[in-house]
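Descriptive analysis of the structure
So you can see what is in the structure, the chains are spelled out below.
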Amino acid sequence: MTAAPPRLRRFGDLDGKTFLICVGAAKCATSWLHSYLGALPEAVVSPLKELHFFDARFSTNALFDPDAFALKRLTFHLSQAGAQTSNLLDHATFQASVDRAQMIYDDNAYFAHFARLCTGSTRCLCDLTPGYSAIGPEGFAYMREFFAAQGTRLKILFIMRDPIARFWSQLRHLQQLNPKNEIARNWPKALEASALRARADYRSIVTSLDQVFPANDLLYLFYESLFHENTLHRLCGFADVAYEPAQPYEKKNETTVKLPLPPAARNALETLLAPQYAFCHDRFGSAVPTDWRE
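This section reports on the structure supplied with the text. Given the structure is predicted, the values throughout are model-derived calculations rather than measurements.

With that settled, the discussion passes to the side chain of Ser-133. Position of Ser-133 among the secondary structure elements: in the loop between β3 (124-128) and α7 (136-147). A relative accessible area of 3% means that Ser-133 is categorised as buried. Among the polar contacts made by the side chain of Ser-133, one reaches the main-chain carbonyl oxygen of Pro-130 at a distance of 2.9 Å. Setting aside anything within four residues of it in sequence, one finds Ser-133 in contact with Val-23, Phe-140, Phe-158, Arg-199 and Ile-205.

The following block contains the structure:
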């Protein structure tokens, strides 16, 4: 049974706006996308690249405690040199961290955060949090009902990448965050982790999104062609903002751990992810990048 969203105030500043939520996938250039959308005059992104609002409420497959992380981030800002009040007034990420901390106990703070960021030219508001891909159908249904309280149109973006390449990139990123993970040795354990498997389960994610949201409010893109001009035209049209060309591609939040994929790990990933390749080829046909494994 889907949990009912709380009663929420309606924020008039959001009326008529498009609300774009990118639900993943992890290691699919969402940091670059945050930078691109944030540079568009008609789009607003949160200064916090990942808000982790909905996965704090549906945390079964969360990789960490999102609310505890929010408090840790706020503590970091409070501890910086200089006057706290001046720092708060001068730094958008500090202000956003205060907003995010309030979201722990006040659901209205989610919409208040974006209403505060709106300008007269804003047409689209964006929350790009790859962790949302693991909240499951109940979480997506909650998200849909949560937005019903506002006069916005909710649209969902999901970006896919070659499943093996994406999974190994995420493992390398986790080692970058914590060298003790030692993925070269511990990758078999990682392949059994439910939180990581949930993020790799394109079939479940796409099927759930298809069931919960209208087709016109869903956009599926591929990492391998994300930076192409025609893809960005399509994305901007979906987000209801005017297209602008991207600056020369520069990787954001690039994983610095460059461990090669061991042959045994590749074989295991091929077995684990074979259903994902099959599903994507069946569901998306010729749109699947040609360099994906068959």
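Moving on, there is more to tell.
Moving on, we get to the packing of α7 against helix α11 (residues 202-212). In contact at an axis separation of 9 Å, α7 and α11 are set at 35 degrees when each is read in the N-to-C sense. Where α7 crosses over α11, the two elements pack in a sense that is right-handed. Every residue of α11 that contacts α7 at Pro-137, Phe-140, Ala-141 and Arg-144 is listed here: Ile-205, Ser-208, Leu-209 and Val-212. Across the contact of α7 with α11, the residue classes break down as six nonpolar, one polar and one charged.

To continue, consider the nonpolar core. By size, the foremost hydrophobic cluster in this structure holds 89 residues, and its most contacted members are Ile-21, Phe-54 and Tyr-110. Counting residues per element, this core draws most heavily on helix α13 (residues 263-284), at seven residues. Residue contacts for Tyr-110: discarding those within four places in its chain leaves Phe-19, Ile-21, Leu-51, Phe-53, Phe-54, Met-103, Asp-127, Phe-146 and Phe-147.

In this section: the packing of aromatic side chains. Per the stated rule, a full pass over the model turns up 32 aromatic pairs. Centre to centre, the rings of Phe-19 and Phe-114 are 4.8 Å apart; their planes meet at 75 degrees, and the pair counts as edge-to-face. Remark: Phe-114 occurs in helix α6 (residues 108-117) and Phe-19 occurs in strand β1 (residues 18-22); sequence separation between them is 95 residues. With respect to class, Phe-19 is no different from Phe-114; both count as buried. Here Phe-54 and Phe-146 contribute two aromatic rings whose centre-to-centre distance is 5.5 Å and whose plane-to-plane angle is 90 degrees, an arrangement assigned as edge-to-face.

In this section: helix α8 (residues 163-177). Here α8 spans 21 Å end to end across 15 residues, near enough to the 21 Å set by a 1.5 Å rise per residue. With respect to burial, α8 is a largely interior element, eleven of its 15 residues being buried. Restricting attention to buried positions, one finds in α8 the residues Pro-163, Ile-164, Arg-166, Phe-167, Trp-168, Ser-169, Gln-170, Leu-171, Arg-172, His-173 and Gln-175. Against the buried residues of α8 lie α9 (183-191), α10 (194-200), α11 and α13. Sitting at the head of α8, Asp-162 places a side-chain oxygen 3.2 Å from the backbone nitrogen of Ile-164.

Moving on, we get to the pattern of salt bridges. When their charged atoms lie close together, side chains carrying opposite charge are able to pair. Going through the model one piece at a time under the given rule, you end up with ten salt bridges. Ionic pairing is found between Asp-240 and Lys-155, a salt bridge with its closest N-O pair at 3.5 Å. Here Asp-240 is found in the loop between α12 (229-239) and α13, whereas its partner Lys-155 is found in strand β4 (residues 153-160), with 85 residues between them in sequence. A salt bridge links Glu-182 to Arg-185; the nearest nitrogen and oxygen atoms lie 3.2 Å apart. When its relative accessible area of 55% is taken as the criterion, Arg-185 is described as exposed.

With that settled, the discussion passes to the pairing of β3. Burial within β3 is extensive, with five of its five residues counted as buried. In this sheet, β3 lies alongside β1 in parallel orientation, the contact comprising five bridges. Bridge pairing links Ile-21 to Asp-127 in β3. Both strand β2 (residues 43-45) and β3 contribute to a ladder of three bridges, which runs parallel. When the bridges of β3 are listed, Val-44 appears paired with Leu-125.

If you trace the backbone, Gln-247 turns up in the loop between α12 and α13. The exposure class assigned to Gln-247 is exposed, which follows from its relative accessible area of 66%. Note: C-alpha distance between Gln-247 and Tyr-36 (211 residues apart in sequence) is 8.1 Å.

Taken together, five strands build an open sheet; the order of strands is β2-β3-β1-β4-β5 and the sheet is parallel. Single-partner strands in this sheet number two, and they are β2 and β5 (218-222). With direction set aside, neighbouring strand axes in the sheet form an average angle of 25 degrees. Judged from the five bridges that link them, β1 and β4 form a sheet pairing that is parallel. Residue pairing for β4: Thr-18 is matched across the bridge by Arg-153. Each of β1, β2, β3 and β4 touches helix α1 (residues 30-38); the most contacted strand, β3, lies at about 165 degrees to it. Here α11 sits on the sheet in contact with β4 and β5, set at roughly 160 degrees to β4.

About the criteria used
- Every chain is numbered independently, its residues counted from 1 as its sequence is written.
- Confidence filtering applies because this is a predicted model: local features only for residues at pLDDT of at least 70, side-chain atom pairs given and counted only at 80 or more, and all residues used for totals across whole chains, interfaces and linings.
- Heavy atoms throughout the structure, all of them, feed into the side-chain values; hydrogens and water do not.
- Helix and strand labels come from DSSP, where a helix needs a run of H or I of at least four residues and a strand needs a run of E of at least two; each type is numbered from the N terminus.
- The buried label goes to any residue with under 20% of its type's maximum accessible area, the exposed label to any with over 50%, and the partly exposed label to all in between, with areas taken from a 1.4 Å probe on protein chains only.
- In protein, a polar contact means a hydrogen-donor-capable atom and an acceptor-capable atom, both N or O and within 3.5 Å, with residues adjacent in sequence counting only if both atoms are side-chain atoms; elsewhere, any N or O pair within 3.5 Å suffices.
- In this description, contact between two residues means that some pair of their heavy atoms is separated by no more than 4.5 Å.
- Structural elements are reduced to axes, namely lines fitted to C-alpha atoms, with helices fitted over the stretch in contact, and the angle between N-to-C directions of any two is expressed from 0 to 180 degrees.
- The handedness criterion is simple: a crossing whose near helix is rotated anticlockwise from the far helix by less than a right angle is left-handed, and one whose near helix is rotated clockwise is right-handed.
- Under the grouping applied here, Gly and all other residues not named as nonpolar or charged are polar, the nonpolar ones being Ala, Val, Leu, Ile, Met, Phe, Trp, Tyr, Cys and Pro and the charged ones Asp, Glu, Lys and Arg.
- What is meant by a nonpolar core is a set of buried Ala, Val, Leu, Ile, Met, Phe, Trp, Tyr and Cys residues, joined one to another through side-chain atoms within 4.5 Å.
- Any two rings among Phe, Tyr and Trp, with Trp reduced to its six-membered ring, count as a pair given centres within 6.5 Å; such a pair is stacked if its planes are under 30 degrees apart, edge-to-face if over 60, and tilted if neither.
- The length a helix should cover is 1.5 Å for every residue beyond the first.
- Salt bridges are identified by distance alone: a Lys or Arg side-chain nitrogen within 4 Å of an Asp or Glu carboxyl oxygen.
- In short, DSSP must find at least two bridges between two strands for them to pair.

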